Amino acid sequence: MSHSNESLLLIDGHSLAYRAFHALPVENFSTSTGQSTNAIYGFISMLINVLRDEEPSHVAVAFDLGRQTFRLEEYPEYKAGRAKTPPEFHPQIDLIKDIVTAMGIRVVTKEGFEADDALATMARMGTEAGADVEVMSGDKDSFQLASETVTILYPKRGVSDLNRMTPNAVEEKYGVTPANYRGLAALVGEKADNLPGVPGVGDKTAAKWLAAHGDLPGVLDNAEKIGGKVGEKLRDHITEVERNYRLNRLLDDVDLDLKFDDLVWGEGDPAELSSLFDQLEFQALGKRLAAIFPEAAGAEAEAAPPRETTIAAVDVDALLSHLADHDVLALDSDASFELGHGQARVLAVSAEPGQAWVVDLAEAGERSLTKLGSALGKRSLILHSAKLQIKAWASMGLSVADVGGDTALAAYLLVPDARSYELGQIASERAGIDLSEPESDSGQLALDLDSDATATTHGQRAAALLEVHEVLAAALDEANMTQVYRDIELPLVPVLARMESTGIAVDEGGLSNLIDEFTKQAEASAQEAYDAIGHEVNLGSPKQLQTVLFDELDMPKTKRTKTGYTTDAEALAELFVKTEHPFLQHLLAYRDSTKLKQTVVGLLKTVADDGRIHTTYQQTVAATGRLSSLDPNLQNIPVRTESGRRIREIFVADPEVADGCLLTADYSQIEMRIMAHLSGDAALIQAFKDGEDLHSYVGSKVFNVGIDEVDSEMRSKVKAMSYGLVYGLSAYGLSRQLAIGVDEAKGLMEQYFERFGAVKDYLDEIVDQARANGFTETIMGRRRYLPALHSDRRQLRDMAERAALNAPIQGSAADIMKIAMLKVASRLEDLQSPMLLQVHDEIIVDVRPDEIDAVKAIVTEEMGSAFELDVPLDVNVGTGRSWHDAAH
DNA sequence: ACTTCAGCCA
DNA sequence: ACGTGGCTGAAGTA
């Protein structure tokens, strides 16, 4: 028993990480980007447990550094013959070191020595300082360190249980004192270190000899006296035993350049720790960590102590007088927008970091809102998720036309595939500002606002924005994305806000009729399906369908899904070819009708009071730079089937405008054109310049026939392949899609690449570049980071490669469309025809009858000239009463 | 509340 | 395992 209340915990990082690696299956532990985490998870889990149980005052984790050790110098075969560590292991060691450091724990390494030697040295230092010492190691050599003051924590099977090896425990298990453990190990040998001992001698014999002769030198001196076969063996292997004895001694006098008190368990860096846990997607572990490290609790970690912010509640007039001297303002509010109606009560305005004024918009009169609007209009405004807020304010009578900065957009450009862009997280990660929920009775506010918490929250957000935006803007600059940010994404915000607020008119009566019609069709198909099998079943349940198809009807099994066998349309069609069972046809018909019905029902629910549907465009969702649309999604309205197209008939021109029409304008084959441009393939570029039918032209090259001899079958094969290439299609995938052999598909692809060699070079190069740079780039410099290209998991790596192929193409198309929208919107400002929708390569404008020619000219010119490629950008335009009729 | 399956779009 | 990027709704599981 030590009288000290100090305790030192020493950990052999490498041996424990290695154990964890083998205890936890690597396939079950990896992040979405493909980083393997099993060793990290197991190690940190063990570490958290032991820290919680032992509560040491001092801690160190030792790692081996480099391969060259004094042991290896003396005995080149030391540790030879070990199975190669899998490639997934080593990258995890660096992350473990980072986490340990962030936990306030000293990482110790020393060139030329093993972790064990560092542990022995520190154990001696601890003992000399009067501390209790615990050494956690998966290496049995550490048993020689056990003493009155030093206990070895040795993991049993797995990673959760530890054996406490005191001197008594060592003696009980091996029959020798810790001091003699070295001798025992030297006699027995250590397979893992490639140190053979005396053949035929195990723990028992070695212990007996050591007991009889005191210690190993005693045993060796008396080797002649030991009889029997084993005695002979001992005498034959004295050199090896002596070598083992030299090598397995742990050095306790390594110069580590540190004192005992350097090992005090410090505060670490909770923000860094939290960010590492986020990055590694450790959620449950984060909570366990929080128990011993409250400061790093989960993702919402406090990055810094809450800063002093000054928030003052004022009225609009007071606010206006405060604003006089400031050109850049940060704004935040409790904005919401649903079904065409926006609302905001609290508006927070900050003119410098750490400071904000808060006004109650509900109390402001129309005149002061107008004045406020014009004051804000003269300044550069920084917001987070600006679009929602300016839409909401517009419905309150406060109009803001321009956005000077948007921290959500900036963060999106920097990491376009992040899960979310919440201000609290960005502020914490990028600027070290803590925006966790304020206490509701902070009392700073003087209170004509009925809820302090809301006002304080938005005040603090506004007060943080200027600083957060500055950090993000600098990062964008560093990544050469300032242009995409300032010239594309920011100006697009008010354009999209306007489109959303306007919405598109729908024919509600027509919608209801469609619902009736599709419902009747679905019911009829369902009845026929039931009749075909003699009973009812939930046709919407894949699980119940599987019972019917594979158990009752005994059909051949389809492709596996996670939970059974697929019943998707493709598989059902194949089953029908094989079985000709009428149930399948009726099921497919039922699926079609219910799908359409669902779509129409969904649309009807979203019609606002003004008889229009207001979708919301997400500007920070698609990792490639596209927009997405939700609530409802107007980018997936059916078009391929005749009955599907009928849904497009209910989207109509503004009924308030007599003889108005919808105009659609779309890019023709924009992705293939971008592919031609980026690859510089002369043949492909020429085809576009000549205005050939692309797929017939490519078909004539691939099949080596005249362009007029390309039949429809050839054309459709080539079409599938051309599009597939943009997505990283494999020969197997192509063969599946075209229902041809893999060999034929492979031959087609080879022919293609023979004729369009630059395309192949480009596709290869793009992946190589992404691998080297860590990201892909569009024509405007928009980036997408793909760390999974270096994943050790094949499937993730392949997915990342396909994403790398596609991102520059899909993303460049998105860039071009966004630029075109800005140009079109700017020219439409002088007219009365609003832009309503965007569907990736198509825009829809509501055109007044007297403006048809002007709008046609505008969209053709501006879309066609949005970006100069080596091939022309073709634009098709059509007009009609409905979206359906405007198709061309 | 969350996941899986299926199906719609470019 | 085998083509990118999205959103929605129903069923099934917790």
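Everything quoted here is computed from the prediction, not taken from an experiment. (Residues numbered from 1 in each chain as written. Chains lettered and ligands numbered in written order. Predicted model: local features only at pLDDT ≥ 70, side-chain atom pairs only at ≥ 80, totals over all residues. Heavy atoms only, no water.)

(A) Looking closely at the sheet that holds strand β13 (residues 346-350). A sheet is described by the order of its strands in space; here six strands give the open sequence β9-β14-β13-β10-β15-β16, paired in mixed fashion. Whereas interior strands pair on both sides, the edge strands pair on one side only; in this sheet they are β9 (310-313) and β16 (405-406). Across four bridges, strand β10 (residues 328-333) lies against β13 in antiparallel orientation. If you follow Leu 331 over to β13, its bridge partner there is Val 349. Seen against the sheet, helix α14 (residues 316-323) touches β10, β13 and β14 (355-360) and runs at an angle of roughly 150° to β14. (Pairing = 2+ DSSP bridges. Helix = DSSP H or I, 4+ residues; strand = E, 2+ residues; numbered from the N terminus. Contact = heavy atoms within 4.5 Å. Axes fitted to C-alpha atoms, helices over the stretch in contact; angles between N-to-C directions.)

(B) Quick look at the environment of Gly 680. Turning to its location among the elements, Gly 680 is positioned in the loop between α26 (670-679) and α27 (682-689). Since its relative accessible area comes to 38%, Gly 680 is described here as partly exposed. Residues Gly 680 and Phe 756, spaced 76 residues apart in sequence, show a C-alpha to C-alpha distance of 10.0 Å. Residues contacting Gly 680, with those up to four places away along its chain left out, are Ile 685 and Ala 758. (Buried < 20%, exposed > 50% of the residue type's maximum accessible area, 1.4 Å probe, protein only.)

(C) Highlighting the packing of helix α7 (residues 178-188) against helix α8 (residues 203-213). Closest axis-to-axis distance for the α7/α8 pair is 9 Å, and the angle between their directions is 130°. As summarised for this structure, α7 and α8 are arranged oblique, according to the angle between their axes. The chirality of how α7 crosses α8 is right-handed. Contact residues: α7 offers Asn 180, Gly 183, Leu 184, Leu 187 and Val 188, while α8 offers Asp 203, Ala 206, Ala 207, Trp 209 and Leu 210. Residue composition of the contact of α7 with α8, grouped by class: seven nonpolar, two polar and one charged. (Parallel < 35°, antiparallel > 145°, perpendicular 65-115°, else oblique. Left-handed = near helix turned anticlockwise from the far one by under 90°. Nonpolar A, V, L, I, M, F, W, Y, C, P; charged D, E, K, R; others polar.)

(D) Spotlight on the environment of Val 198. One can find Val 198 in the loop between β8 (195-196) and α8. Judged by its relative accessible area of 2%, Val 198 is buried. Measuring from C-alpha to C-alpha, the distance between Val 198 and Phe 89 comes to 33 Å, with 109 residues separating the pair along the chain. With residues up to four places along the chain from it excluded, the contact list for Val 198 reads Leu 187, Lys 233, Leu 234, His 237 and Val 241.

(E) Expanded view of the UniProt feature "domain: DNA-directed DNA polymerase family A palm" (unreviewed entry) in chain A. When the UniProt feature table is mapped onto this chain numbering, "domain: DNA-directed DNA polymerase family A palm" (unreviewed entry) sits at residues 644-851. Helix makes up 58% of residues 644-851 and strand 12%, whereas the separation of the span's terminal C-alpha atoms amounts to 30 Å. (UniProt positions renumbered as here; feature names shortened; annotations may be inferred.)

(F) How the structure looks around the pattern of salt bridges. The tally for this structure, following the rule as stated, stands at 30 salt bridges. A salt bridge links Glu 134 to Arg 164, with the shortest nitrogen-to-oxygen separation between them at 2.6 Å. With Glu 134 in strand β4 (residues 132-136) and Arg 164 in strand β6 (residues 162-165), the pair connects residues that are 30 residues apart, well separated along the chain. Its relative accessible area of 42% is what places Arg 164 among the partly exposed residues. With a shortest N-O distance of 3.2 Å, Arg 736 and Glu 570 are connected by a salt bridge. In this pair, Arg 736 sits in helix α30 (residues 731-738) while Glu 570 sits in helix α23 (residues 569-579), placing the two residues 166 residues apart along the sequence. (Salt bridge = Lys/Arg side-chain N within 4 Å of Asp/Glu carboxyl O.)

(G) Representation of the protein's contact with DNA strand C within the structure. Around DNA strand C sit 32 residues, and of these Ser 541, Asp 631, Asn 633, Ser 730 and Arg 802 come closest. Expressed as a percentage, the sugar and phosphate content of the atoms of DNA strand C within 4 Å of the protein is 72%. Val 621 places a polar main-chain atom, nitrogen or oxygen, 3.2 Å from a phosphate oxygen of DNA strand C. Between DNA strand C and the protein, one listed contact pairs a phosphate oxygen with a side-chain N or O atom of Arg 802 at 2.9 Å. When contributions to the surface near DNA strand C are tallied by element, the ones reaching two or more residues are α22 (542-552), α24 (582-605), β22 (628-630), α29 (712-726), α30 and α33 (794-828). In terms of residue count, α33 provides more of the surface near DNA strand C than any other element does, four residues in total. Looking at the surface near DNA strand C, its residues break down into nine nonpolar, 18 polar and five charged. (Near = heavy atom within 4 Å. Polar contact = N/O pair within 3.5 Å; in protein donor to acceptor, adjacent residues only side chain to side chain.)

(H) How the structure looks around the pairing of strand β28 (residues 842-847). In terms of burial, β28 is largely enclosed, as six of its six residues are buried. Side chains Glu 842, Ile 844 and Asp 846 of β28 all project onto a buried face; the interleaved residues Ile 843, Val 845 and Val 847 project onto the opposite face, where all are buried too. Sheet analysis places strand β24 (residues 661-667) next to β28, joined by six bridges and oriented antiparallel. Counterpart to Asp 666 in the pairing with β28 is Glu 842. In terms of strand pairing, strand β27 (residues 835-838) meets β28 through three bridges, oriented antiparallel. Bridge pairing in β28 links Leu 837 to Ile 844. Between β27 and β28, which follow one another and run antiparallel, lie three residues, and His 840 among them has a positive phi close to 65°.

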